[in-house]
Amino acid sequence: MNRRTYVQRERARRTARTATAIENAALREVARKGYPDLRVADVARRARVSQRTVYLHASSKERLVDQALRRRGAALISRVERWHPRGDTPAQIVDEMVALHEREYRGESALLLETLVDGALPRGVAALLRDLDAVRLAVITRTMTDLAHHGALRVRTQDAVALAHALLSYPTWRTALTGPARRRAPRLVANALRSAVL
């Protein structure tokens, strides 16, 4: 390998790691303090870089948060789009779909959505939620349509899609996982969905 190529690749990796650290720090600070109280100095301290480095990656806190949320949202959308059930029975497929939504809620999507819902963010960022919801709805529609083609649904496909979308929406997860059900919430949601549509 050419030495110059190696140096360029290593520099690109370092730059990407720094950008990721800055974006993660920005999202954590927004979740902790809220968007109005976000300070670039706090982001730099959390990311363990200088303020100048933060400003090299984004010229303002608005751009910094916007870039971080867009990258995080794009990764989340990509993961949800790639999902396909592996189960053989309709009940297994519904359980997998519920597990996917729980995983995404509990994982980094919780940070993304808490930041979007509780913080006063730039208007353009709300498009991420709409895009994510559209992808989730497409996955639910595809899964329910496949189940209907196999004769597994007791209700109309549109009704199954609407019910699954309502049960698997993020506000429902937020309520279920913080309410009395807590750890049992995914099992209860899966049971409700199975009993209603299968």
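Residue positions are counted from 1 within each chain, in the order its sequence is given. Note on the predicted model: pLDDT of at least 70 is required for a residue's local features to be given, and 80 or more for side-chain atom pairs to be given and counted; whole-chain, interface and lining totals, by contrast, use all residues. Side-chain figures throughout are based on the complete set of non-hydrogen atoms in the structure, without hydrogens or water.

(A) Quick peek at the side chain of K61. Mapped onto the elements of the fold, K61 is located in helix α4 (residues 61-82). Classification of residues uses two cut-offs on accessible area relative to the type maximum, computed with a 1.4 Å probe and protein chains only: under 20% is buried, over 50% is exposed, and between them is partly exposed. We score Asp and Glu as negative and Lys and Arg as positive, and we do not count His or the chain ends. Here, a salt bridge means any Lys or Arg side-chain nitrogen found within 4 Å of an Asp or Glu carboxyl oxygen. Buried within the structure, K61 lacks any salt-bridge partner; its nearest side chain of opposite charge belongs to E62, at an N-O separation of 5.3 Å. The term polar contact refers here to a pair of N or O atoms within 3.5 Å; inside protein, the definition further demands a hydrogen-donor-capable atom paired with an acceptor-capable atom, and it admits residues adjacent in sequence only when both atoms are side-chain atoms. At 3.5 Å, the side chain of K61 forms a polar contact with the backbone oxygen of L38. Excluding anything up to four places from it in sequence, K61 contacts Y35, P36, L38 and V40. Each helix is a run of H or I in the DSSP string that is no shorter than four residues. Each strand is a run of E no shorter than two, and both are numbered from the N terminus. Between two residues, a contact is recorded if the distance between any of their heavy atoms is within 4.5 Å.

(B) View of helix α1 (residues 3-33). For a helix, the expected span equals 1.5 Å multiplied by the number of residues minus one. In this model α1 runs 45 Å from its N-terminal to its C-terminal C-alpha over 31 residues, within 8% of the 45 Å that 1.5 Å per residue would give. Backbone geometry just after α1 places G34 at a positive phi near 95°.

(C) Unusual backbone geometry, seen in detail. The residue R48 is not glycine, and still its phi comes out positive at about 60°. Among the secondary structure elements, R48 is positioned in the loop between α2 (40-47) and α3 (51-57). The exposed category is assigned to R48, whose relative accessible area is 77%.

(D) Representation of the packing of α1 against α4. Relative to each other, α1 and α4 sit at 105°, their axes nearing to 9 Å. Considering the angle they form, α1 stands roughly perpendicular to α4. Of α4, the residues touching α1 (which contributes A19, T20, I22, E23, N24, A26, L27 and V30) are L64, V65, Q67, A68, L69, R71 and R72. In this analysis, axes come from line fits to C-alpha atoms, helices being fitted only over the stretch in contact, and the angle between any two N-to-C directions falls in the range 0 to 180 degrees. Reported orientations rely on four angle classes, namely roughly parallel under 35 degrees, roughly antiparallel over 145, roughly perpendicular from 65 to 115, and oblique for the rest.

(E) Summary view of the side chain of S169. Within the element layout of this structure, S169 appears in the loop between α7 (157-167) and α8 (170-178). On the basis of relative accessible area, S169 is assigned to the buried category, the value being 14%. Separated by 3.2 Å, the side chain of S169 and the backbone oxygen of A166 make a polar contact.

(F) Highlighting the nonpolar core. Grouped together as the largest cluster of nonpolar side chains are 32 residues, with contacts concentrated most on M97, V98, M144, L168 and L193. Taken together, the elements giving at least two residues each to this core come down to α4, α5 (90-118), α6 (126-149), α7, α8 and α9 (185-197). What M97 contacts, discounting residues up to four positions off in sequence, is W83, I140, T143, M144, A164, L168 and L193. To qualify as a nonpolar core, a set must consist of buried Ala, Val, Leu, Ile, Met, Phe, Trp, Tyr and Cys residues joined through side-chain atoms within 4.5 Å. Ranked by size, the runner-up nonpolar core spans 18 residues in total, among them L27, V40, V65 and L69.

(G) View of the packing of α7 against α9. One can describe the packing of α7 onto α9 by two numbers: an axis separation of 10 Å at closest approach and a directional angle of 170°. Relative to α9, α7 is oriented roughly antiparallel. Across from A160, L163, A164 and L167 in α7, the residues of α9 making contact are V189, A192, L193, A196 and V197. Basically, the charged four are Asp, Glu, Lys and Arg, the nonpolar ten are Ala, Val, Leu, Ile, Met, Phe, Trp, Tyr, Cys and Pro, and anything else, Gly included, counts as polar. For the contact of α7 with α9, a count of residues per class yields nine nonpolar, no polar and no charged.

(H) Region of interest: the pattern of salt bridges. This structure, assessed with the given rule, holds 13 salt bridges. A salt bridge links E23 to R71, with the nearest nitrogen and oxygen atoms 3.4 Å apart. Of this pair, E23 sits in helix α1 while R71 sits in helix α4, and the two are 48 residues apart along the sequence. Look at E23 and you get buried, because its relative accessible area is 9%. The exposure class of R71 is partly exposed, given its relative accessible area of 47%. Here E29 and R46 are joined by a salt bridge, their closest N and O atoms 2.7 Å apart. Of the two residues, E29 sits in helix α1 while R46 sits in helix α2, which places them 17 residues apart along the sequence. Using a relative accessible area of 3% as the deciding quantity, one classes E29 as buried.

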